Amino acid sequence: SYRDEHILVVINLASTPQVASLDLSAFSGGTPCELFGHTQFPAIGKGRYHLSLGARGYYWLRLERA
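Per chain, residue numbering runs from 1 following the sequence as it is written. Only residues with pLDDT of at least 70 get local features here, since the model is predicted, and only at 80 or more are side-chain atom pairs given and counted; chain-wide, interface and lining totals rely on the full set of residues. To get the side-chain values, all heavy atoms of the structure are used, and hydrogens and water are removed first.

Some remarks on the pairing of strand β5 (residues 58–64)
Spelled out, the test is: When DSSP finds two or more bridges between a pair of strands, those strands are recorded as paired. Going along the chain from the N terminus, every DSSP run of H or I of four or more residues is numbered as a helix, and every run of E of two or more is numbered as a strand.
Examined bridge by bridge, strand β1 (residues 7–11) and β5 share 5 bridges and lie antiparallel to one another. Residue pairing across strands places Val10 opposite Tyr59, the latter belonging to β5. In this sheet, β5 lies alongside strand β3 (residues 31–34) in antiparallel orientation, the contact comprising 4 bridges. Within the sheet, the bridge partner assigned to Cys33 lies in β5 and is Arg62.

What about the packing of aromatic side chains?
The condition that has to hold: Pairing of aromatic side chains requires ring centres within 6.5 Å, counting the rings of Phe and Tyr and the six-membered ring of Trp. Pairs whose planes differ by under 30 degrees are stacked, by over 60 edge-to-face, and all others tilted. Under the scheme applied here, a residue whose accessible area is under 20% of the maximum for its type counts as buried, over 50% as exposed, and between as partly exposed, the area being computed with a 1.4 Å probe on protein chains only.
In the structure shown here, the tally under the stated rule is 2 aromatic pairs. A centroid spacing of 6.3 Å and a plane angle of 65° characterise the contact between Phe36 and Trp60, whose relative ring orientation is edge-to-face. With Phe36 in the loop between β3 and β4 (49–53) and Trp60 in strand β5, this residue pair connects regions lying 24 residues apart in the sequence. Given a relative accessible area of 37%, Trp60 falls into the partly exposed group. Ring geometry for Phe41 and Tyr59: centres 5.2 Å apart, planes at 85°, overall edge-to-face. Placement of Phe41 in the loop between β3 and β4 and of Tyr59 in strand β5 is noted, with a sequence separation of 18 residues between them.

Some details on the nonpolar core
Stated precisely, the cut-off is as follows: Residue types Ala, Val, Leu, Ile, Met, Phe, Trp, Tyr and Cys, when buried and joined through side-chain atoms within 4.5 Å, form a set referred to as a nonpolar core. In what follows, a contact means two residues having at least one pair of non-hydrogen atoms within 4.5 Å.
Membership of the largest hydrophobic core is limited to 12 residues, which are Leu8, Val10, Ala20, Leu24, Phe27, Phe41, Ile44, Tyr49, Leu51, Leu53, Leu61 and Leu63. It is β4 that contributes the most residues to this core, 3 residues altogether. Among all residues touching Ile44, those that are not within four sequence positions of it are Leu24, Phe27, Ser28, Gly29, Gly30, Pro32, Tyr49 and Leu63.

Notes on unusual backbone geometry
In most cases, non-glycine residues show a negative phi, while peptide bonds are predominantly trans. One non-glycine residue, Arg3, lies in positive phi territory at about 55°. The residue Arg3 is located in the segment before β1 in this model. Residue classification places Arg3 among the exposed residues on the basis of a relative accessible area of 70%. Although it is not a glycine, His38 sits at a positive phi angle of roughly 60°. By the element assignment, His38 lies in the loop between β3 and β4.

Comments concerning the pattern of salt bridges
Put simply, the test is: We define a salt bridge as a contact between a side-chain nitrogen of Lys or Arg and a carboxyl oxygen of Asp or Glu at a distance within 4 Å.
Under the counting rule described, the total for this entry stands at 1 salt bridge. In this structure, Glu64 and Arg62 form a salt bridge, with 3.1 Å as the shortest nitrogen-oxygen distance. For Glu64, a relative accessible area of 26% gives the class partly exposed.

Have a look at this one:
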């Protein structure tokens, strides 16, 4: 985090697909946006946020508040 910008980096170091379950409740109602392709991900709710990552996959996400 720097000022009003929040970046989340999620990396799968395994050689098999994995699921990440993250507590992003501080950003509830906001939207993760992938930094390179600008793809909008589903909105963040009050529960845990789940991401599926391929083998050795990663995401760089900007967390945008509602």
